[in-house]
Structures are given as C-alpha cells and as structure tokens.
Amino acid sequence: MLAHSNNTHIFLLSFILLTILLIETACSSTVGTTFPASTSVPTFTRSPLTFEPAPKGLLTAAQVVYAQPDFTTSTLYPTGQNTLRNAGAITSDTHGGFYVADYGNSRVLHFPANGVSGVGPQADQVYGQPDYASGATHQGATGLNYPHGIAVDAAGGLYIADMFNNRILHYPQGSTIPDRVYGQPNFVSKASSSNSVRPDTLTLPQGLATDETGLYVVDSGNNRVLHYPSTSTIADFVYGQGIPGNSPSSFTTNASGAGDSGLNTPRDIAINRTGLYIGDAGNHRVTHYKFGNPRADYVYGQPDFAPTSVQANQGNAHPTATTLNNPTGVALDSQGSLYIADRNNNRILYYAPAIQTAANDPPATGIYGQPSYSTQNASTTATTFHGPGAVSVDTNGDVFVLDIFNQRVLEFMHA
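The rules behind each value
- Residues numbered from 1 in each chain as written.
- Predicted model: local features only at pLDDT ≥ 70, side-chain atom pairs only at ≥ 80, totals over all residues.
- Heavy atoms only, no water.
- Helix = DSSP H or I, 4+ residues; strand = E, 2+ residues; numbered from the N terminus.
- Buried < 20%, exposed > 50% of the residue type's maximum accessible area, 1.4 Å probe, protein only.
- Areas by Shrake-Rupley, 256 points an atom, 1.4 Å probe, with all protein chains shown as cover.
- Pairing = 2+ DSSP bridges.
- Axes fitted to C-alpha atoms, helices over the stretch in contact; angles between N-to-C directions.
- Phe/Tyr/Trp six-rings, centres within 6.5 Å; stacked < 30°, edge-to-face > 60°.
- Contact = heavy atoms within 4.5 Å.

Regarding the overall build of the protein
Inference 1: Within the protein one finds two helices and 25 strands.
Inference 2: Counting only residues that meet the buried cut, the protein has 57% of its 415 residues in that class.
Inference 3: On the protein, roughly 15,200 Å² of surface is accessible, and the fraction owed to carbon and sulfur atoms is 56%.

Spelled out as structure tokens, the structure:
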C-alpha cells in the first residue's frame, strides 16, 4: 500500500488533470534495455494517393456526420448506440470504419464503413460497457475509466488507453475481452505511477501507435512517450525525459520540459517510416523524433526549440499558418502528409510531405474548419468545428475528425 503522502499526491495529480478536462468540457455549448539503432521502421503497403488539401480561404465540407442527425445539430444525447459524450480519440480501421474513445461514457465504440454521404451508420460494437445504454466507470478486465487513446495493430488487435485506470489494454481481433495489460500488474489494479515512475508503470496514458517493433504509449501524466517491444509489457525506450533515452535513470523521471528533449503534457502520437510525431500539447507544438533518438529534429507550431518557445499561437492573439494552440491530435496519411488537430483554434492543419523537413515551424499548406489561417471561430456546420480534438486518415485517404464539443465525428471523403 502506498504511503498517505503518496496517495495525496496521486489524488491531487488526477484531480488537477480531471478538472482541466472538465473545464474544457464546460466550454461547450451544451530497468530498460537498449533500443538498437538498426531497429526497422514501419513498412506501408497502402496504395499511393493524390490528395489535394483545402487551400487557404476555402472551407472544405464534410460529406458524412456520425452521432448526430444532421450537420447543424450538437445535442448531448443520453448514452446510446449512436451518441458521444466529449469523446477523446479516434482511429480508422483497415475496412473503412473507425473506433472512437467515447471518454465521457467510459467506452470505445466501433462504427462501420459508410459508402454514401449524409448521416453515417450507428456503432456496431462497444468495449468497456455491457451494452450501449451504460456509461459508468469500471475497473477489471471488462471495464474502462475515461479512455483517451486507441490504436489498431497489423493483426487487427485493438489497444485502448484506459486513462484513469492508468493502463493500456490489448484486445485480440474480434474480442471485447482484453488479454494483455500494460502499466499495471494485473487487471484489477489501477494505481498511478507518479511517485513510482518505472518502465512498467503509467500515469494517465493517452495517445497510442503501433508498428512491427511494438507499441508506443503517450504517458501523458509522466510527460513522456514509451516504446514497448512486441513481446514485452516493459518499455525499452523513453522520449521526453532527456538523454540517452534507454538508461535505467531515463525511466524514473517525469518532469515536464521543453527544448528538443522535453515534453509537457503530450497528448497524441503518429508514426511512419521517418519517425515519431508527438502532439506536445502543453508546449503548443508537434515535435518529430527519429526512431531511437531522444532529441527531436524539427518542430511545428514554434519557431525553434528555445525554452521560451512554448506559447499558444506563439504569443499572438490570433493564429497563423505556423502557430498552434493545444494540439491534441496528430495523424499521417500513406504519402506522409501530416494532419494536426489544432483544438483551441478549432481547425485541422494539413502539411504536405515536401514542406515538412525544410525548416522548423513550416507553414501549413491546407486547412479544415476555418475560412483562413487567422480565424479560430467555433460553430456547428459541415465546414466548421467546436474543439476538434483528434484526427485520423484511413487507407482510402478519407479524413475523420473528432469534433468534441459538437458531440460528433465528421468524415471528409477523398475524391
């Protein structure tokens, strides 16, 4: 049992982070081992796409809406088969459908593929609850407690970041019962690791990603990203806690930081053959890391890696094509184009592959949700958002946006 002071500290940390999430909701209208330098990177087999983003000043319209009856409704409905409550994450599957971490209902929903425009189908699978009408928090193997991250591996297995149970659950393809847990010694414990930071513990995990080397977890409450080898629930590399990233001491610290080796409340992650893209929300930036290197090599949303380069919209009253304000979601398409959910600016920014490595803080080359790069208004239409917190792109190039405070998902279909 933890000492009383440790319990108090853990309670305060959880309370503060939960309070932040509730305040955001209220704003709505309604010892590690060496990680080899030669480790292989993901192999992508998806067909090349020619994707033209929305140019500056042009509002791209969604073709499909999920969890609402039309494009102008943002009602917070009672928990059901086709409702969301301040959902936290989204990821596409390999069949045209997607999963949503329905945060406020402590569940994950799967929505099937939709081939036509208009109102999308209702969910066809639920994880973490016994039925579609239930939304209570639970521990144990079958429960969830405010989930806030999802990933699908190459075998079709599902990973869920069970945030307030301080764990990651793995579900085999076709099953709603998990067979593996990360961050806890069993399926019953839910202790936070804020006072016992190790390579096998987690505190308020959020974003997830997988490749053939294993699992990446955004351990948000510990200001770090962990890599777990495919056969282990003990991390072997850490990003966000300085260098070298694979020494025993690297796994025992959790201070927030900036620069090229620090993170401050990271929220999401996306990976491709170039490395990791981390949504470093507290520093209002997205950082790119090469695999196995704890120092980021370039940054989006800030001019450089200086300790002072951490302000929302770089200290300006209004956004531009090079600024970010609480980026809580990142995604990549098969060509390597980057999408950032710039939540507090109520927009999704698109970066073409060619511009990404030119220099730090490249300007976005496309925008969803706003008529220009200098606006940040929230509303409920087929072309606008209210708190877009996550984004995912499927194998067809369709873009799915989790529009949190409009309690819906919008799909922008690839032509």
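So, the sheet that holds strand E17 (residues 285-289)
Inference 1: Spatial strand order, E15-E16-E17-E18: four strands in an open sheet with antiparallel pairing. Across the chains shown, the open sheet's two edge strands, defined by having one partner strand only, are strand E15 (268-272) and strand E18 (298-300). Shown here is a sheet whose adjacent strand axes are inclined to one another by a mean of 20 degrees, direction ignored.
Inference 2: Pairing geometry for E15 and strand E16 (residues 275-280), over five bridges, is antiparallel. For Ala270, the partnering residue across the bridge sits in E16 and is Tyr277.

Considerations on the packing of aromatic side chains
Inference 1: Tallied over the entire structure, the rule returns 19 aromatic pairs.
Inference 2: Measuring from centroid to centroid gives 5.1 Å for Phe98 and Phe400, while their planes differ by 45 degrees, and the two rings are tilted. Within this pair, whereas Phe98 is found in strand E3 (residues 98-102), its partner Phe400 is found in strand E24 (residues 399-403), the two being separated by 302 residues in sequence. Both residues of the pair, Phe98 and Phe400, belong to the buried class.
Inference 3: Put simply, the rings of Tyr66, Phe98, Phe111 and Phe400 pair up and form one aromatic cluster.

Regarding the pairing of strand E20 (residues 338-342)
Inference 1: Most of E20 is tucked away: five of the five residues are buried.
Inference 2: The two faces of E20 match: Leu338, Ile340 and Asp342 on one face and Tyr339 and Ala341 on the other face are all buried.
Inference 3: By the bridge criterion, five bridges tie strand E19 (residues 327-332) to E20 in an arrangement that is antiparallel. Across the sheet, residue Leu332 finds its bridge partner in E20, namely Leu338.
Inference 4: Hairpin geometry of E19 and E20 is characterised by an intervening segment of five residues between the two adjacent antiparallel strands and by a positive phi of about 95 degrees at Gly336.
Inference 5: The pairing of E20 with strand E21 (residues 347-351) spans five bridges and is antiparallel. Counterpart to Ala341 in the pairing with E21 is Ile348.
Inference 6: Hairpin connection of E20 to E21: four residues between the antiparallel strands, including Asn346 at a positive phi of 55 degrees.

As for the environment of Gly140
Inference 1: Position of Gly140 relative to the elements: it lies in the loop between strand E6 (125-127) and strand E7 (150-152).
Inference 2: Along the chain, Gly140 and Gly128 lie 12 residues apart, while their C-alpha atoms are 9.7 Å from each other.
Inference 3: Among residues more than four places away in sequence, those in contact with Gly140 are Arg167 and Phe187.

Thoughts on the sheet that holds strand E4 (residues 107-111)
Inference 1: Overall, antiparallel pairing links the four strands, which are arranged E2-E3-E4-E6 in an open sheet. Each of the sheet's edge strands pairs with one partner strand only, and the pair in question is strand E2 (89-92) and E6. On average, each strand axis in the sheet is tilted by 20 degrees relative to the strand beside it, whichever way the strands run.
Inference 2: As judged from the three bridges shared by E4 and E6, these two strands associate in the antiparallel manner. Note that in E6 the partner of Leu109 across the bridge is Val126.

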